[in-house]
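Tertiary structure, described
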Amino acid sequence: MTQSANDLRGDQPSSILTRKLNAHVNVQFDRTWFTELQQRVDRNGPWDDWTMYQLAVEAEQSKLIASFDDLQCMRTLPALEPMPHQISTARKVLHEMSGRAILADEVGLGKTIEAGLILKEYLVRGLVNRVLILVPASLVLQWVRELNQKFGIPAIAQKKEHSWQNDVVVASIDTAKRDPHRDILLGMDYDLLIIDEAHKLKNKKTTNYQFVNQLRKKYCLLLTATPVQNNMDELYNLITLLKPGQLGGQSEFSANFVVDKRVPKNEDRLQEALSSVMVRNRRGDGGIQFTKRIVKNIPLPLSAEEQALYDAVTGFVRDRYNESGGDWSSMLALVTLQREVCSSRDAVFLTLVNLFKKTAEDSPIRAKIWELVEFIRNIQANSKAEKAMELIREMNDKVIIFTEYRATQEYLLNYFRQHNLVAVPYRGGMNRGKKDWMMDLFRGRAQVLIATEAGGEGINLQFCHHIINFDLPWNPMRVEQRIGRVHRLGQKNDVKIYNLCTLGTIEEHIVELLHEKINLFELVIGGLDHILERFEKEDQTLEQRLSKAMLEAGNTQDLRSRIQDLGDSLSRLKEEVESEEIEDTPIGAILDAVGQTVEVRP
Amino acid sequence: MNERQVHKFVQRYLETTDSRVVEKSPAHYIVKLSPQADRDLTNRPFYWSFVDRTGADPETMTMLLVTDKKKYEERQNNEQHDGNQPGGATQVNGTSAGTPIGAAADAAIGRSLGFVHGSLNTNQRIPREDLHFGSRKLEQLFQSAKSGGSYVCLFQEPDRKNAHPLQSTAYTAWLGINLKVEFACDMKREEFHSIGVSLATGQCVEEFHESLLGLRMTPRLPPNVHTAKNALTLNKAASLAESLIERKLKSYDYGWAQGAAARLEEELATIRHYYEPLIAAAEDEEIRTSIQTQFERRQDEIRWQYEPRVSVSAINCGIFYLAGIG
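Residue indices begin from 1 for each chain and proceed along its sequence in written order. By the order in which they are written, chains take letters starting at A while ligands take numbers starting at 1. Where local features are concerned, this predicted model is filtered to residues with pLDDT of at least 70; where side-chain atom pairs are given and counted, the filter is 80 or more; whole-chain, interface and lining totals use all residues. To get the side-chain values, take all heavy atoms of the structure and skip hydrogens and water.

Chain A has the name Helicase-like protein in an unreviewed UniProt entry, where Paenibacillus methanolicus is given as its organism.

**Focus on the overall build of chain B**
Quick reminder of the rule: Only DSSP runs of H or I reaching four residues or more are called helices, and only runs of E reaching two or more are called strands; each is numbered from the N terminus. To sort residues, take the accessible area from a 1.4 Å probe on protein chains only and compare it with the maximum for the residue type: under 20% means buried, over 50% means exposed, and anything in between is partly exposed. Only heavy atoms matter for contacts: two residues are in contact if any of them lie within 4.5 Å across the pair. For every accessible area listed, the method is Shrake-Rupley and the probe measures 1.4 Å; residues are considered covered only by the protein chains on display.
Within chain B one finds ten helices and eleven strands. Looking at the 326 residues of chain B, the share that counts as buried comes to 44%. Of the contacts formed within chain B by residues at least 6 apart in sequence, a portion of 69% connects residues at least 24 apart. Split by element, the accessible area of chain B, about 17,200 Å² in all, is 51% carbon and sulfur.

**Considering the pairing of strand S11 (residues 309-323) of chain B**
Applied cut-off: Being paired, for any two strands, means DSSP has found at least two bridges between them.
Counting buried residues along S11(B), 13 of its 15 residues qualify, which places the element largely inside the surrounding structure. The sheet contact formed by strand S2 (residues 26-30) of chain A and S11(B) spans three bridges and is parallel. Counterpart to A:Val27 in the pairing with S11(B) is B:Val310. Note that strand S6 (residues 169-184) of chain B and S11(B) share 14 bridges and pair antiparallel.

**Re the interface of chain A and chain B**
Interfaces are often described in size by the accessible area the parts lose on coming together. Under the convention used in this document: Accessible surface is computed with a 1.4 Å probe, and the buried area is the amount of it that two parts give up when combined, taken over both parts together. By definition, a salt bridge exists where a carboxyl oxygen of Asp or Glu is found within 4 Å of a side-chain nitrogen of Lys or Arg. Within 3.5 Å is the distance limit for a polar contact, defined as a pair of N or O atoms, with the added protein rule that one can donate a hydrogen and the other accept it, and that residues adjacent in sequence qualify only through two side-chain atoms. Amino acids are sorted into nonpolar (Ala, Val, Leu, Ile, Met, Phe, Trp, Tyr, Cys and Pro), charged (Asp, Glu, Lys and Arg) and polar (every other residue, Gly among them).
Each side of the interface is counted separately: chain A has 95 residues, and chain B has 102 residues. Ranking the residues of chain A by area buried against chain B places A:Tyr53, A:Phe68 and A:Arg445 at the top, with a combined share of 11%. Where chain A meets chain B, there are eight salt bridges. In this structure, B:Glu301 and A:Arg100 form a salt bridge, with 2.9 Å as the shortest nitrogen-oxygen distance. Inspection of the chain A/chain B interface yields 24 residue pairs in polar contact (both at pLDDT 80 or more). For the side of chain A that touches chain B, the element with the most residues is helix H3 (residues 50-63) of chain A, which contributes 14 residues. Residue composition of the side of chain A that touches chain B, by class: 42 nonpolar, 27 polar and 26 charged.

**Things to note about the pattern of salt bridges**
Two side chains of opposite charge can pair, provided their charged atoms sit close to one another. Scanning the model with the defined rule gives 43 salt bridges over all chains in all. Residue A:Glu58 pairs with B:Arg12 through a salt bridge whose shortest N-O separation is 2.9 Å. Taken together, the residues A:Glu58 in helix H3 and B:Arg12 in helix H1 (residues 3-16) connect one chain to another. For the salt bridge of B:Glu267 with A:Lys243, the shortest nitrogen-to-oxygen distance reads 3.1 Å. Taken as a pair, B:Glu267 in helix H9 (residues 255-281) and A:Lys243 in the loop between helix H10 (232-242) and helix H11 (250-257) lie in two separate chains rather than in one.

**Structural notes on helix H13 (residues 304-323) of chain A**
At 3.6 residues per turn, the α-helix brings residues three or four places apart onto the same side. Residue and element names in this part refer to chain A. Spelled out, the test is: Multiplying 1.5 Å by the residue count of a helix minus one yields the expected span of that helix.
For H13, spanning 20 residues, the distance from its first C-alpha to its last is 29 Å, which sits close to the expected 28 Å at 1.5 Å a residue. Packing partners of the buried residues in H13 comprise helix H14 (332-341), helix H15 (345-358), helix H16 (365-378), helix H17 (383-395), helix H21 (506-517) and helix H23 (542-552). Note on H13: the residue one or two positions beyond its end, glycine 325, has a positive phi of about 70°.

**A closer look at the packing of aromatic side chains**
A ring pair, where both rings are aromatic, is described by two values, the distance of the centres and the angle of the planes. Heads up, the condition is: We call Phe, Tyr and Trp rings a pair once their centres come within 6.5 Å, taking the six-membered ring for Trp, and we label the pair stacked below 30 degrees between planes, edge-to-face above 60, and tilted otherwise. By definition, being over a ring means that NZ of Lys or CZ of Arg is both within 6 Å of the ring centre and within 35 degrees of the ring normal.
This structure, assessed with the given rule, holds 23 aromatic pairs over all chains. Here the aromatic rings of B:Phe208 and B:Phe320 are separated by 5.7 Å at their centres, their planes lie at 70°, and the arrangement is edge-to-face. Taken together, the positions of B:Phe208 in helix H7 (residues 208-213) and B:Phe320 in strand S11 put the pair 112 residues apart, joining distant regions of the chain. Owing to a relative accessible area of 3%, B:Phe208 belongs among the buried residues under this scheme. Its relative accessible area of 0% is what places B:Phe320 among the buried residues. A network of ring pairs unites the aromatic residues A:Trp50, A:Tyr53, B:Trp174, B:Phe208 and B:Phe320 as a single cluster. Over the aromatic face of A:Trp474 sits the side chain of A:Arg339, whose NZ or CZ is 4.5 Å from the ring centroid. A cation over an aromatic ring shows up here: A:Lys384 above the ring of A:Phe470, its NZ or CZ 5.3 Å from the ring centre.

**A short note on the sheet that holds strand S3 (residues 62-66) of chain B**
Residue and element names in this part refer to chain B. Formally: Under this scheme, a helix contributes an axis fitted over its contacting stretch, all axes are lines through C-alpha atoms, and angles between N-to-C directions fall in the 0 to 180 degree range.
Strand order in the open sheet formed by four strands is S1-S2-S3-S4, and the pairing between neighbours is mixed. If you trace the sheet from one side to the other, it starts and ends with strand S1 (20-25) and strand S4 (128-130), each paired once. In this sheet, neighbouring strand axes are inclined to one another by 20° on average, regardless of whether the strands run parallel or antiparallel. Sheet strands touched by H1: S1, strand S2 (28-32) and S3. Its angle to S2, the strand with the most contacts, is close to 15°.

**Overview of the packing of H14(A) against H23(A)**
Residue and element names in this part refer to chain A. Note the cut-off: Angles below 35 degrees are treated as roughly parallel, those above 145 as roughly antiparallel, those between 65 and 115 as roughly perpendicular, and all remaining angles as oblique.
One can describe the packing of H14 onto H23 by two numbers: an axis separation of 10 Å at closest approach and a directional angle of 85°. As far as their axial angle goes, H23 and H14 are roughly perpendicular. Each of Leu332, Val335, Gln338 and Arg339 in H14 lies in contact with H23, whose residues at this interface are Glu543, Ser547, Met550 and Leu551.

**A closer look at unusual backbone geometry**
Residue and element names in this part refer to chain A. In this structure, proline 46 follows glycine 45 across a cis peptide bond, with omega equal to 0°. Among the structural elements, proline 46 can be located in the loop between helix H2 (32-43) and H3. Notably, asparagine 44 is not glycine yet its phi reads approximately 55°, a positive angle. Along the polypeptide, asparagine 44 turns up in the loop between H2 and H3. Given a relative accessible area of 63%, asparagine 44 falls into the exposed group. For asparagine 266, which is not glycine, the phi dihedral falls at a positive 50°. Note on placement: asparagine 266 falls in the loop between strand S10 (263-264) and helix H12 (267-275). Residue classification places asparagine 266 among the partly exposed residues on the basis of a relative accessible area of 36%.

**Thoughts on the side chain of B:Glu190**
Along the chain, B:Glu190 falls in strand S7 (residues 188-198). Judged by relative accessible area, which is 6%, B:Glu190 ranks as buried. Among the polar contacts made by the side chain of B:Glu190, one reaches the side chain of B:Lys188 at a distance of 3.3 Å. Apart from the residues within four sequence positions on either side, B:Glu190 is in contact with A:Lys63, A:Leu64, A:Ile65, A:Ala66, A:Arg125, B:Lys180, B:Val181 and B:Glu182.

What follows is the structure, given as C-alpha cells:
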C-alpha cells in the first residue's frame, strides 16, 4: 500500500532506505511518514484525532499476519464453509507449491472455491494486489459473482478498455488476446493469473497458449478437470506453461516419460514430478456423490382444437419451406413457430403477429397467417398448463417451471394467479437487483418460479428439488443447465424432473431423443459436453440438425426415421466417450495418484 | 476481531466521527452518518464534489450496520413471528394476503412487475451493511480510521488532584511511531512494533503505544505545564527508532529467508537447464532473441516470487508531550 503510493509519487525515491540485514536479506525502511510528520510539525498541524489514531492501530493489529503458514483468509469469510479437500488443496498450493499450480479436480468438486481461497489468502496477506482471471466468455459473470458473494473480493468483469485498470479483472481469453487489449495486458505485472478451463491451452502452437505464456505473472493457477485428453504432450505443454523446465526439455520428456503418445513410462518419477505442480481430487466410489435424478415424462394428448392448430402450423411451415426451394437457413423463424405450438398459443400468436408485420401487404401469406390466428382463437384451454397445475398441487412443494418463451411465461403467471397459486417470474433481461428479489420471494412465500433462463447466472436453487420442463430446448446443454441449477452440491434430496410432452408432435420425438438415446436427464455430470463436442465436430449443432430434419421430412414417418438416425449417432458417440474414459488408461492412473480421493457429502 | 470487538470498534468510530446513532442493539446500529464518515464510507465521490463546488447543504446517508448477523437475524425473525403473521415465513401455499390493503398492494406491485406475491417489506429502504471481520465495509472503516488517524500531536492531561495553581509541571516531547514489519518471500508474515523516542534525552522505549493507552490525552496544552527543551531533532529521533528496530531484526532467525533463497536458486537452475539448450539450438537470430526474452522474463518472475525481503513501514505516528523528564 505505502509501497505503491511511493511508486506513484516517484519524486521521492529517497524515502525508501535499504540496509543489509544478513547474507540473505535486506531491510527496507519506508520513510514517507517522516517527511509528512516533519511538514506538519513545521506548520503546526493539521493534526488528526486521538481516537481515530487508536482505531487505526487496532485495525492494523487485527489484520496482522502472525505466521507464514496458516490459512488467514478463513476468519474473514464467516459465511463460507469449504469442504476439507478444498482447504487442504489451498494449503498445499500456498505452502508447498509456492502459488504456481494446476488444479485438476474432477468436475463438481469446487475448483473455483479452491482458487478463490488461494486468491483470498494472498489478498489478505498483501502478497497479491493485481489479478487477472481468464475464463470462457460464458463463465465471466459467474466468476465475478462467486468472487464477490462468496469471497468478498471486488472482482470486475472486463467490459471496456479501461476495465483493465481494476485490481481484480475477469475476462474471456478470446477478448484478452485481441488488440487493443493484448498490448495493455502484456504491459502489466500480474501478481496472480488464474485460467479456468485451462485444457484449452494444451496446444502450444495456438495464439491462446502463446499469449498466456507472454503474460508477466508472479503466481499462476491453471484450472482444468481434464489435464490430459488425448496424449502426453498436452500434459507437458500445460506444465511447461506453468513452470518451464519442470519436466525438462521436450526431448528429455519424451525420452524419460513417454512410450507412446498415450502410454507413459517411469511412472513413479512422472507421478512425483506431477505432484509438485498439480492437485487432483477425485470423487470417491463409496461416498454418496450426488443425489439421484428421477425423470418422469408426462405424455399429454392435445385437445382437438390444439391439435388442429398444430397441424395447421405444421402445414404452413412445410409450405413455406417448399416455396423457398429448400433454403432452410432462412427458415429458422418458422422452426420456432413449430416449437412454440407445443408450448402455448400465446407464444405462437406473438410470433405470428411479428411475421404478419414483416410480410408484404399484398402477399397471399398474410391471409394464411390470419387463418392460423383463427385456429388460435378456437383454443379455450391449455392442456399443458392444466397438467402442470395438477402436478404442482400434488407435489405441494417448491417447484421451478422452465419455458423457452416469454409469452408462455406471462401466460402461466396469469393462469396460476387466477388459481391462487403463488408464482414469480425470472428471466435473463431482469437486472441483478430484480433477479435477487425474485429469488428471495421464491425462497419465501412463492411456491413456483417460472424461469425462461437457466444459464450462466449462478443462481443457486438447491432448496428446491422439483423441475417441470414445460417445453424443452433443442440444445441439450441448455437442458443440462436447467437441471444443474437445482441438482448440484448442496442438494439434499433426489431431484424430480417432469417433462411435459405433447403426443403426436415434434416434442414427442425430442423427448424420446434426449431421454432414450443419450439418457440426458440422468447422465453423469460433465459427460454431456464430451459427447456434444464430438457430435458438433462432425457437422452442425444438434439444434441445427433437428431443424433441418423437421423441415425436410415429408411426413411423420420420415421425420421419425430421421430423428432416429440422429439418436443412433448420439448413442454411438456416447459409447465411444465412455469407452475412452481416461481413468482406465495408464496416464489416467498416474493423474489419479496425484492428490486424493474425496468423499463428497451430499 | 470477533463480533463484540467489531461492535465496540464501530461504536467508537461513530462517536468520534460525530455520527448520530438512531437505533442500536448489541447486534446492530442504525446511524445517520456525519459528513466526514459519509465521505469515507458511502462511495459517493461525485455527490461530495458537487457539495464542495456548490456549497449545498449535504444530505448524509442513513445506514443499517449489522455487527452480528446471526443474532440480528434471529431477533428479526422473532419479531416477525410475534407480530401479526404467525408462521408467515414458512407458509408456502398461502392465498393472497388476507387484508384488503394487502391485496391492493399486491395488485399494485403486480401491475408493474407481472405478478409478484407480496411478502415484501417495502418500508425498509435503509441500506444494510454486514460488518464482519473481513467484510468490505469494515475494511472501509479501517481505511477511514487510518486516513483520519495518521498524524497526531497530543498532551498528557495532568492529574487534577496534585495540581497546585502556582506549580508548573515539566513535560517531555516524545516521537511515537507504530510500525508494521513485513517478512516476505513467496509467503509472508508481519509484526507490529511501537517505538517511542524522547526528544529530550534520546531514550528509546518499546511498546510505546500500549503505555499511552493508560493515559488521558488532549490536543490542547494543559494549564500550568511547561515543555522541556528538545535536545534531538526529529530526524535524529527517527534514526534512533530505526536503529532500534534494525538491531532487533538482526537478532531474528532467518531460516525462512535461507529456505526462500534456496528455492529461488533451484528454480533458476531448472529454467537454465530448460532454456539454455533451446537458445543454443535456435537456428535464426529472431528465434534466439525471442527465447532469450522469454528466459529473462521467467527469471524476473522467479525473483519476484521468491526473493526474501523485510520491509518496515509506519502505520501512524505523532508527537506526544508526557509528564516528567524522560
